[in-house]
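Chain and residue survey
Listed below are the residues making up each chain.
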Amino acid sequence: MWADEFNKDGKPDTANWKYEHGFVRNEELQWYQPDNATCKDGLLVIEAKREQKENPRYDAAANDWRKKRKTIDYTSACLITAGKRTWQYGRFELRARIDISNGMWPAWWTLGVDKRWPGNGEIDMMEYYRGKMLANIACLGNDRKPQWFSNTFQTDSLGGTAWAGQFHTWRMDWTEETIALYCDDQLLNKVDLALLENKDGTGFNPFKQPHYMLLNLAIGGQNGGDPSQTIFPKVFEVDYVRVYQKK
């Protein structure tokens, strides 16, 4: 149905991707900017850098963490297909190499187009932080909080830094009945869509609607760990992203 092979050197294809900007979520340390994403030698390279700049949104009186920070200490990129490409059901594949140094938080994930998070639905097809791989699905639970269906795997059990030094293939098979998440054909998580209806009495199932895709390399924040002793730059390298659907 769709693919980006990243075979043309330069900036990523604007027909597929736009960018998030600034401090966005989870009190992460990085400032997202398009400059940190480029295509080279058949790969999309998302680069995390330690560099200090003034925060243009700084407001000493603000309560918002995005505005309270006087300086930007790290930069990275988040590519997003919202408003350009969406999909409902199919097989999604990513071949990529991630860095598992302290503070790194790479992810390949989707969000639904309708409702506010978490009621729009989130699927974390590839996510890493603090020594573990995650395979997560979230809908709206009770008390308007996210309900997570999660499995985690210690990267040491997979092979540690030697494992992370190689390219791996992550996959999601999403049908009208189930969502199944894999890495190198190993099943990580499988959840019936019947369990994923929002728990607010509306009957809305966020996984029976189109989703858009995000690719990012976050740093630190609420889950990413401490990058202060990590040597930068670090990269998240993507060979391809592909979406298949049955005719």
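Residues numbered from 1 in each chain as written. Predicted model: local features only at pLDDT ≥ 70, side-chain atom pairs only at ≥ 80, totals over all residues. Heavy atoms only, no water.

Bringing the overall build of the protein chain into the picture now. What the protein chain contains, in helices and strands, is four helices and 17 strands. Principal axes of the C-alpha set define a box for the protein chain whose edges measure 45 × 45 × 40 Å. Taken over 247 residues, the protein chain has a buried fraction of 53%. Within the protein chain, residue pairs in contact and separated by at least 24 positions form 68% of the contacts whose partners lie at least 6 positions apart. When the accessible area of the protein chain is evaluated, it comes to approximately 11,900 Å², of which 44% is carbon and sulfur surface. (Helix = DSSP H or I, 4+ residues; strand = E, 2+ residues; numbered from the N terminus. Buried < 20%, exposed > 50% of the residue type's maximum accessible area, 1.4 Å probe, protein only. Contact = heavy atoms within 4.5 Å. Areas by Shrake-Rupley, 256 points an atom, 1.4 Å probe, with all protein chains shown as cover.)

Here the focus is the environment of Met213. In this fold, Met213 is placed in strand S16 (residues 211-219). Classification of Met213 as buried rests on a relative accessible area of 0%. Separated by 111 residues in sequence, Met213 and Asn102 have C-alpha atoms that sit 25 Å apart. Leaving out residues up to four positions away in the same chain, Met213 has contacts with Trp2, Trp17, Leu79, Ile80, Thr81, Trp87, Phe92, Trp108, Trp109, Thr110, Val241 and Val243.

With that settled, the discussion passes to the pattern of salt bridges. Summed over the entire model, instances satisfying the criterion amount to 10 salt bridges. Close ionic contact of Glu20 with Arg25 constitutes a salt bridge, the shortest N to O distance being 2.5 Å. With a shortest N-O distance of 2.8 Å, Glu237 and Arg97 are connected by a salt bridge. Remark: Arg97 occurs in strand S8 (residues 90-97) and Glu237 occurs in strand S17 (residues 234-244); sequence separation between them is 140 residues. Relative accessible area serves as the criterion here: at 14%, Glu237 is assigned to the buried category. (Salt bridge = Lys/Arg side-chain N within 4 Å of Asp/Glu carboxyl O.)

Once that is clear, we can look at the sheet that holds strand S9 (residues 104-112). Read across the open sheet, the seven strands follow the order S2-S7-S16-S9-S10-S11-S12; overall the sheet is antiparallel. Each having just a single partner strand, strand S2 (18-19) and strand S12 (146-154) make up the two edges of the open sheet. In this sheet, S16 lies alongside S9 in antiparallel orientation, the contact comprising nine bridges. When the sheet's bridge partners are listed, Trp109 is paired in S16 with Leu214. (Pairing = 2+ DSSP bridges.)

Let us look at the pairing of strand S13 (residues 168-174). With six of seven residues buried, S13 is to be regarded as a mostly interior element. Examined bridge by bridge, S13 and strand S14 (residues 178-183) share five bridges and lie antiparallel to one another. The residue of S14 that forms the bridge with Asp173 is Ala180. Counted along the chain from S13 to the antiparallel partner S14, the turn is three residues long.

Side chains of nonpolar character tend, in soluble globular proteins, to be buried together. Ranked by internal contacts, the top residues of the largest apolar core, which has 52 residues, are Trp108, Trp170, Ile179 and Leu215. Counting residues in hydrophobic clusters, the runner-up holds 13 residues, among them Cys78, Ile80, Tyr129 and Leu134. (Core = buried A, V, L, I, M, F, W, Y, C linked by side-chain atoms within 4.5 Å.)

Turning to the pairing of strand S11 (residues 132-140), a few remarks are in order. The element S11 is largely enclosed, with a buried count of eight among its nine residues. For strand S10 (residues 122-129) and S11, the ladder comprises six bridges, and the chain directions are antiparallel. When the sheet's bridge partners are listed, Tyr128 is paired in S11 with Met133. Between S10 and S11, which pair antiparallel one after the other, the connecting turn spans two residues, and Arg130 there sits at a positive phi close to 45°. Pairing of S11 with S12, which is carried by nine bridges, proceeds in the antiparallel orientation. Bridge assignment links Ile137 to a residue of S12, and that residue is Phe149.

Any functional reading would require information beyond the geometric quantities listed.
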